[in-house]
There are 2 protein chains.
Amino acid sequence: MEFSSKLLENAVYEMSQLPGIGKRTALRLVLHLLKQPEERTNLLSNALVKLKSEVNFCECCNNISDTKLCEICANPKRDETLVCVVEDIRDVMAIENTSQYNGLYHVLGGKISPMEGVGPQDLNINALLKRVQKGTISELIFALSSTMEGDTTNFYIYRQLEGMEVVTSTIARGISVGDELEYADEVTLGRSILNRVPFENSIKAG
Amino acid sequence: MEFSSKLLENAVYEMSQLPGIGKRTALRLVLHLLKQPEERTNLLSNALVKLKSEVNFCECCNNISDTKLCEICANPKRDETLVCVVEDIRDVMAIENTSQYNGLYHVLGGKISPMEGVGPQDLNINALLKRVQKGTISELIFALSSTMEGDTTNFYIYRQLEGMEVVTSTIARGISVGDELEYADEVTLGRSILNRVPFENSIKAG
């Protein structure tokens with residue numbers, strides 16, 4: 001792609017460094033900004049710079065927060081004996097949206113992935129172990145994605161927890177609510193039969 | 001979507017104002033930037049602000065350019081009697097990529113669209129008429145998209161040119177090279193028969 005302007009080329013290049021944004025999309029986005037009032041570009045640019053320079057992570061759970069402790073950790077109504085271990089703050093948002101969970105979280109910031117050069121030391125695992133050692137947590141719920149990397153991370157943390165007094169659990173895998181059995185994949189269907197739950201539980205969950 | 005941080009919410013909001021970027025994609029992009037070194041955010045933000053504040057449009061054809069006259073208009077080897085009228089600088093790039101055109105361009109900056117509140121006065125049409133009045137241009141090639149708005153814009157300019165000594169033409173519409181006839185839409189196929197060209201021409205074009 002040949003550009004008639006270095007400034008344009010540079011802006012398109014920087015935009016195309018974002019994940020999932022190719023050169024063509026980047027050009028479309030940049031030309032859109034060019035057509036808008038200058039204010040729009042400044043607002044976007046300031047919001048990004050401000051977020052990056054002033055962002056703060058909760059001291060306790062590593063969630064993004066504007067305060068030292070995030071709203072969830074600081075909320076006295078939440079059950080601090082229950083901690084849900086997630087990969088990313090998007091997972092916190094997803095679980096919060098269900099309104100079904102009243103415990104705290106622990107955001108790892110990724111999962112162990114030798115292919116991408118992410119080892120245990122790159123994740124927020126030590127802080128989790130320290131939280132457990134304090135003794136207030138009675139149950140850790142692993143809610144990582146059920147991929148090779150997710151399972152590896154779960155298992156690594158599980159091994160590190162040996163000797164500590166804490167119950168570990170993992171979120172249930174099974175057929176999505178509303179899905180038809182005939183279209184489900186065999187692994188999911190198989191697990192959902194092995195890990196069947198008392199019928200009364202499904203009535204309670206509504 | 002509920003955010004644990006106002007800074008994050010603001011950055012996601014500004015990002016989601018870009019066309020084709022929803023809230024979820026915006027969150028993904030912003031979180032990606034957060035994981036990258038601060039430099040990346042600054043480079044992106046500076047490139048956008050710099051482009052918007054320092055951008056310059058060619059005095060002659062309205063193409064984006066770093067100089068007063070764009071490279072194409074300033075190139076003495078280009079045929080200045082031939083001007084191709086396009087909607088957008090992306091169209092200039094597309095035509096330049098073909099290496100088949102040696103004339104100049106005129107970028108309108110959009111097309112007449114009453115639905116979107118774009119009238120002739122919002123486009124770069126007066127400058128085009130002035131260029132034609134100078135008398136150096138012998139042919140105008142309309143290369144707008146063949147939509148209702150494109151046709152309206154073509155026709156509007158065509159009417160304004162009445163009495164001026166200039167030949168007007170439009171790029172050929174027809175079946176794409178490599179396409180099979182049975183899958184072509186009727187309008188395109190019909191036009192390609194009506195506007196058939198001498199067989200020798202197709203041999204020359206290779």
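This one's a predicted model, so the numbers in the text were calculated from it and none came from an experiment. (Residues numbered from 1 in each chain as written. Chains lettered and ligands numbered in written order. Predicted model: local features only at pLDDT ≥ 70, side-chain atom pairs only at ≥ 80, totals over all residues. Heavy atoms only, no water.)

Asker: What's the story with the sheet that holds strand E3 (residues 79-86) of chain B in this structure? I'm lost.
Answerer: Through backbone hydrogen bonds, the strands of a sheet pair up, either in parallel or in antiparallel fashion. All names here are of chain B. One open sheet holds the four strands; their spatial order is E4-E3-E5-E6, and the pairing between them is parallel. Two strands close off the open sheet at either side, each with one partner strand: strand E4 (103-107) and strand E6 (167-170). For this sheet, the mean angle separating the axes of adjacent strands, direction not counted, is 25°. For E3 and E4, the ladder comprises five bridges, and the chain directions are parallel. The residue bridging Cys-84 from the neighbouring strand is Tyr-105, located in E4. Along the sheet, helix H6 (residues 125-133) contacts E3, E4 and strand E5 (139-142); its crossing angle with E4, the most-contacted strand, is approximately 150°. (Pairing = 2+ DSSP bridges. Helix = DSSP H or I, 4+ residues; strand = E, 2+ residues; numbered from the N terminus. Axes fitted to C-alpha atoms, helices over the stretch in contact; angles between N-to-C directions. Contact = heavy atoms within 4.5 Å.)

Asker: What is the right way to look at the nonpolar core in this model?
Answerer: With 107 residues, the main nonpolar core has Leu-8, Met-15 and Leu-140 of chain A together with Leu-8, Met-15 and Leu-140 of chain B as its most contacted residues. In this view, Met-15 of chain A contacts Ile-21, Ala-26, Leu-29, Val-30 and Leu-33 of chain A together with Leu-18, Leu-44 and Leu-48 of chain B; residues no more than four positions away in its chain are not counted. (Core = buried A, V, L, I, M, F, W, Y, C linked by side-chain atoms within 4.5 Å. Buried < 20%, exposed > 50% of the residue type's maximum accessible area, 1.4 Å probe, protein only.)

Asker: Please explain the domain arrangement of chain A as it appears in this structure.
Answerer: The domain architecture assigned to chain A consists of domain 1 (6-54) and domain 2 (64-171). A C-alpha centroid distance of 34 Å is found between domain 1 of chain A and domain 2 of chain A. (Domains from an automatic or database assignment.)

Asker: Whenever I open this one, the pattern of salt bridges confuses me. Can you help?
Answerer: A side chain of one charge can pair with a side chain of the opposite charge if their charged atoms are brought near each other. Applying the stated criterion across every chain, the model contains 14 salt bridges over all chains. A salt bridge links Arg-159 of chain A to Glu-162 of chain A; the shortest N-O distance between them is 3.5 Å. The salt bridge partner of Glu-59 of chain B is Lys-68 of chain B, with a shortest N-O separation of 3.8 Å. Lys-68 of chain B matches Glu-59 of chain B in its accessibility class, with the two residues each being exposed. (Salt bridge = Lys/Arg side-chain N within 4 Å of Asp/Glu carboxyl O.)

Asker: Sorry if this is basic, but what is going on with the interface of chain A and chain B here?
Answerer: By a widely used convention, the size of an interface equals the accessible area lost when the partners come together. Each side of the interface is counted separately: chain A has 52 residues, and chain B has 52 residues. When chain A packs against chain B, the two sides together hide about 5100 Å² of surface, and 69% of this comes from carbon and sulfur. At the junction of chain A and chain B, the tally comes to two salt bridges. A salt bridge links Arg-40 of chain B to Glu-14 of chain A; the shortest N-O distance between them is 2.8 Å. Counting every contact that joins chain A to chain B gives 13 residue pairs in polar contact (both at pLDDT 80 or more). Per-element accounting of the side of chain A that touches chain B gives the leading share, 15 residues, to helix H3 (residues 38-54) of chain A. (Buried area = accessible area lost by both parts, 1.4 Å probe. Polar contact = N/O pair within 3.5 Å; in protein donor to acceptor, adjacent residues only side chain to side chain.)

Asker: Sorry if this is basic, but what is going on with the sheet that holds strand E5 (residues 139-142) of chain A here?
Answerer: All names here are of chain A. A sheet is described by the order of its strands in space; here four strands give the open sequence E4-E3-E5-E6, paired in parallel fashion. Strands with a single pairing partner mark the edges of an open sheet, and in this sheet they are strand E4 (103-107) and strand E6 (167-170). Looking at each pair of strands side by side, their axes are set apart by 25° on average, direction ignored.

Asker: Which parts of the structure should I look at to understand the UniProt feature "domain: Toprim" (unreviewed entry) in chain A?
Answerer: Feature annotation in UniProt assigns "domain: Toprim" (unreviewed entry) to the following positions: residues 81-176 of chain A. Taken end to end, residues 81-176 of chain A is 33% helix and 20% strand, and its two terminal C-alpha atoms sit 28 Å from one another. (UniProt positions renumbered as here; feature names shortened; annotations may be inferred.)

Asker: How should I be thinking about helix H7 (residues 148-160) of chain A in this particular structure?
Answerer: Count 3.6 residues to each turn of an α-helix, and residues three or four apart come out pointing the same way. Residue and element names in this part refer to chain A. Between the first and last C-alpha of H7 there are 18 Å, a value that for 13 residues agrees with the 18 Å anticipated at 1.5 Å per step. Within H7, the full set of buried residues consists of Gly-150, Thr-153, Asn-154 and Ile-157. Buried residues of H7, seen end-on, are gathered within an arc of 100° and therefore sit on one face of the element. Its buried side turned inward, H7 meets strand E3 (79-86), helix H6 (125-133) and E5. (Expected span 1.5 Å × (residues − 1). Arc of directions from axis to C-beta.)

Asker: What am I meant to see in the relation of the copies chain A and chain B here?
Answerer: For the pair of chain copies, the relating operation is a rotation around an axis with a shift along it. If you rotate chain A by 180° and push it 0.0 Å along the axis, it lands on chain B with an RMSD of 0.1 Å. The two molecules are tied by a two-fold rotation axis, judged by turn and shift. Scanning chain A for the C-alpha nearest the rotation axis identifies Ser-45 of chain A, at a separation of 2.4 Å. By residue overlap, the copies meet face to face through one surface: 100% of the interface positions of chain A are interface positions in chain B. (Least-squares fit on C-alpha atoms with pLDDT ≥ 70 in both.)

Asker: How should the UniProt feature "zinc finger region: C4-type" (unreviewed entry) in chain A be read in this particular structure?
Answerer: According to UniProt, the positions carrying the feature "zinc finger region: C4-type" (unreviewed entry) are residues 58-73 of chain A. A helix fraction of 19% and a strand fraction of 12% characterise residues 58-73 of chain A, whose end C-alpha atoms lie 8 Å from each other.

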